[in-house]
Amino acid sequence: SVTVTVKVSNDSNVAGTETVQLYVRDEYSSATRPVKELKDFARIPLKPSESKIVNFTLTPEKLAYYDKDMHYGVEKGSFKIMVGSSSKDSDLKSVRLFVK
């Protein structure tokens, strides 16, 4: 398992709630997979000018899928991990995870 950590801030003068979303993309797989798969999310209440740290646990089960031979598991390779307020590319911060 891997912990994905992100800092979320409310830069306004009004209290609000942010929905932080975690997406995964398998950059190479033996079967066709979605470009972005929502794997986790958290609703975070924030006071004006408040910041919070959000942690997600990315388990092997969240990376696993049925390959072209219908075997369930995690393939070796590169995964793009994306976190943000929506699935729109400009709203996402990303990092790569390499599975050996």
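Bear in mind the structure is a predicted one, so any value in this text is a computation, not a measurement. (Residues numbered from 1 in each chain as written. Predicted model: local features only at pLDDT ≥ 70, side-chain atom pairs only at ≥ 80, totals over all residues. Heavy atoms only, no water.)

Considering the packing of aromatic side chains
For the structure shown, the criterion picks out one aromatic pair. For the ring pair Y66 and Y72, a centre distance of 4.8 Å and an interplane angle of 50° mean the geometry is tilted. You can call Y66 partly exposed: its relative accessible area is 49%. Above the plane of the ring of Y65 lies R33, whose end atom (NZ or CZ) is 3.9 Å from the centre. (Phe/Tyr/Trp six-rings, centres within 6.5 Å; stacked < 30°, edge-to-face > 60°. Buried < 20%, exposed > 50% of the residue type's maximum accessible area, 1.4 Å probe, protein only. Lys NZ or Arg CZ within 6 Å of the ring centre and 35° of its normal.)

So, the side chain of S29
With respect to the secondary-structure elements, S29 resides in the loop between β2 (16-26) and β3 (37-46). With relative accessibility at 16%, the residue S29 sits in the buried group. Within the local environment of S29, its side chain forms a polar contact with the backbone oxygen of A31, the two atoms lying 2.5 Å apart. The residues contacting S29, other than those within four sequence positions of it, are Y65 and E75. (Helix = DSSP H or I, 4+ residues; strand = E, 2+ residues; numbered from the N terminus. Polar contact = N/O pair within 3.5 Å; in protein donor to acceptor, adjacent residues only side chain to side chain. Contact = heavy atoms within 4.5 Å.)

These figures come from the coordinates and say nothing about function on their own.
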